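# Per-entry structural report
Listed below, chain by chain, are the residues.
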Amino acid sequence: MASHSNLSSFLSPPPSSSSSSPKSYLHPLNLSQTRFLPNGYTRTNSNSPPPRFICSAGQTGFFSKLGRLIKEKAKSDVEKIFSGFSKTRENLSVIDELLMMWNLSDTDKVLDELEEALLVSDFGPKITFKIVDSLREDILSGKLKSGSEIKEALKKFVLDLLTSKQGNKSELQLGFRKPAVIMIVGVNGGGKTTSLGKLAFRLKKEGVKILMAAGDTFRAAAGDQLEIWAERTGSEIVMPENDKAKASAVLSQAVKRGKQEGFDLVLCDTSGRLHTNFDLMEELITCKKSLGKVVAGAPNEILLVLDGTTGLNMLPQAREFNGVVGITGLILTKLDGSARGGCVVSVVDELGIPIKFVGVGEGVEDLQPFDAQAFVDAIFS
C-alpha cells in the first residue's frame, strides 16, 4: 500500500487540452471545503483494459466514511420512504385483512388473494410465485400457525432476498483515489439530471468537493438545467464548448480537471436514450472508455436512473443498459405515491443490481439512500 506522500502521483496535471476542448465554468464555493483524506492508496495494473460489460468499480476506500454517513442518516428519513410508497401500501393492505381471520382450511383461498395483491403491486410473476410457494410450504409443514406469523414470514422473505442479492453494495463504492467518478445513465424523462443534482446536494452536505460534467449534449436545455444545479449546490461544472461537442470529450475534460484540481468527485451527466437505440447505446461505451483513459478504473459507479411509475417495464431498460456498460447501481425515481413498489424487488431479484437511491418526492432532499429494512417496513406497514 502506498503512503500518503504518493498522492501526487495520482493527481498529476493532465496533458494540455486543445482549443476545441470543452470550456469550464467556475462557480464560487462558499460551502465547506472539507476533504475525506485517504487512509492509503493501492496501485492497480492499468495496462489491461476492463472487459466491455464490466464496470471497474473501486472497492471501499477513503470514501467509505461517506457511505456510512449517508446510510446512517437514511435511517432518520424513514418517514419520507413511507410516504413514497403509499400506493403500494394501499394495494398490500388487503393482506392484513386476509390474515386477520386466517385459519388452515382457508389457506388456498388466502394465498390466491395474497398472490393477486403482490402481482397488482408489480412484484412480478416470478418473485410472486416464489413467495407464495414458500409460504404455502411453511404453512402446510406447521411452521406458520397464525396470520401474524405468515405476515412476518412474508416480510422476512422479501428482506432476505433484497439483502442477499445486494449485500453491502447498496452503499456508493467510490474507490481509493481522487477524483471518484460517477456516470449517470438512463432513458429520456427518467429524471437523470434532477437525480444527479439531488445527489450532489446530499454529498455536498457531507463536505465533498464536486465537479459536474454536462455530458447531455443532445438536449439543448440539459446544460442549463445542470448549471442551475451547480449553482444551487455550490458545485463547479464543465460545459460543452459548442453544440457539436461530443459527450465523451466533455466527460474526459471534466475528469482531467477534477484530477488536476483535487476534486473529490466528478458527477457525469449523459444524454437520455432509448435502450433500443443501438447507436446511442454504443456511445455510452465511448463515454465510459474516455473516463477510464484519464483515471484507471473510472467510472467507479455507473448508476442507471429508472422511472418507478413504469413498474415492471423498467426491467427491459435495466437489462439493456447493464448489457452495454455494466450497471453498478440503480436510482429509482418518482416513488412518490403513484408507483408500485414491488418492481423494486423484481429488479433486484432478476438482475442482482443494488439499489443505491430512491426518489420519493420533488424536494431537493427527496433522494433517499435505499434501505432494505425501511423499504420492507414501508410497503408492509
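Residues numbered from 1 in each chain as written. Predicted model: local features only at pLDDT ≥ 70, side-chain atom pairs only at ≥ 80, totals over all residues. Heavy atoms only, no water.

Broken down by element type, the protein carries 15 helices and 9 strands. Going through the 381 residues of the protein one by one, you find that 55% of them count as buried. Contacts spanning at least 24 positions in sequence make up 82% of the contacts within the protein whose residues lie at least 6 apart. Total accessible area on the protein is roughly 16500 Å²; 51% of this is exposed by carbon and sulfur atoms. (Helix = DSSP H or I, 4+ residues; strand = E, 2+ residues; numbered from the N terminus. Buried < 20%, exposed > 50% of the residue type's maximum accessible area, 1.4 Å probe, protein only. Contact = heavy atoms within 4.5 Å. Areas by Shrake-Rupley, 256 points an atom, 1.4 Å probe, with all protein chains shown as cover.)

Packing of helix 6 (residues 107-120) against helix 7 (residues 125-140) leaves a shortest axis separation of 10 Å and a crossing angle of 155 degrees. Looking at the two axes, helix 6 sits roughly antiparallel to helix 7. Of the two possible hands of crossing, helix 6 and helix 7 adopt the one that is right-handed. Along the contact surface, helix 6 presents T107, D108, L111, D112, L114, E115, L118 and L119, while helix 7 presents P125, T128, F129, I131, V132, L135, R136 and I139. Within the contact of helix 6 with helix 7, the residues separate by chemical class into 10 nonpolar, 2 polar and 4 charged. (Axes fitted to C-alpha atoms, helices over the stretch in contact; angles between N-to-C directions. Parallel < 35°, antiparallel > 145°, perpendicular 65-115°, else oblique. Left-handed = near helix turned anticlockwise from the far one by under 90°. Nonpolar A, V, L, I, M, F, W, Y, C, P; charged D, E, K, R; others polar.)

Time to look at the packing of aromatic side chains. Taken as a whole, this structure holds 2 aromatic pairs when the rule is applied. With centroids separated by 6.4 Å and ring planes inclined at 40 degrees, the aromatic side chains of F123 and F380 adopt a geometry described as tilted. Of this pair, F123 sits in the loop between helix 6 and helix 7 while F380 sits in the segment after helix 15 (372-379), placing them 257 residues apart in sequence. Take F123 and F380: they sit in the same class, and that class is buried. Between the aromatic rings of F370 and F375, the centroid separation amounts to 5.6 Å while the plane-to-plane angle is 50 degrees, which identifies the pairing as tilted. In this structure, K209 is placed above the aromatic ring of F263, and the distance from its NZ or CZ to the ring centre is 4.4 Å. (Phe/Tyr/Trp six-rings, centres within 6.5 Å; stacked < 30°, edge-to-face > 60°. Lys NZ or Arg CZ within 6 Å of the ring centre and 35° of its normal.)

Right, let's talk about the pattern of salt bridges for a bit. By the definition in use, this model includes 14 salt bridges. Close ionic contact of K205 with E365 constitutes a salt bridge, the shortest N to O distance being 3.6 Å. With K205 in the loop between helix 9 (192-204) and strand 3 (210-215) and E365 in the loop between strand 8 (355-359) and strand 9 (367-369), this pair connects stretches of sequence that are 160 residues apart. According to the relative accessible area criterion, E365 is partly exposed, its value standing at 39%. The salt bridge partner of K356 is E301, with a shortest N-O separation of 3.0 Å. (Salt bridge = Lys/Arg side-chain N within 4 Å of Asp/Glu carboxyl O.)

Looking at the protein as a whole, its pLDDT mean stands at 78, while 74% of the residues score no less than 70. For the stretch residues 1-62, pLDDT sits under 50, and the model shows 133 contacts to residues farther than four places along the chain or on other chains. (pLDDT = per-residue confidence, 0-100.)

Turning our eyes to something else, we now look at the side chain of N300. Among the secondary structure elements, N300 is positioned in the loop between helix 12 (278-294) and strand 6 (301-307). At 2.8 Å, the side chain of N300 and the backbone nitrogen of V181 are in polar contact. (Polar contact = N/O pair within 3.5 Å; in protein donor to acceptor, adjacent residues only side chain to side chain.)

The next subject is the nonpolar core. With 76 residues, the main nonpolar core has F123, L135, L162, I327 and F380 as its most contacted residues. With 7 residues, helix 8 (residues 147-166) is the largest single contributor of residues to this core. Ignoring sequence-local partners within four residues, the contact set of I327 consists of V185, I302, L304, F321, N322 and I353. Counting 25 residues, the second largest nonpolar core, distinct from the first, contains V208, L226, W229 and V305. (Core = buried A, V, L, I, M, F, W, Y, C linked by side-chain atoms within 4.5 Å.)

Okay, the pairing of strand 6 next. Within strand 6, 7 of the 7 residues are buried, which leaves the element mostly enclosed by the surrounding structure. Burial along strand 6 is two-sided: the residues E301, L303, V305 and D307 and I302, L304 and L306 are all buried. Where strand 2 (residues 180-186) lies against strand 6, 5 bridges are found, and the strand directions are parallel. When the bridges of strand 6 are listed, I184 appears paired with L303. For the handedness criterion, the β-α-β arrangement of strand 6, helix 13 (residues 314-325) and strand 7 (residues 329-333) is classed as right-handed. (Pairing = 2+ DSSP bridges. Right-handed = clockwise from strand over helix to strand, strands pointing away.)

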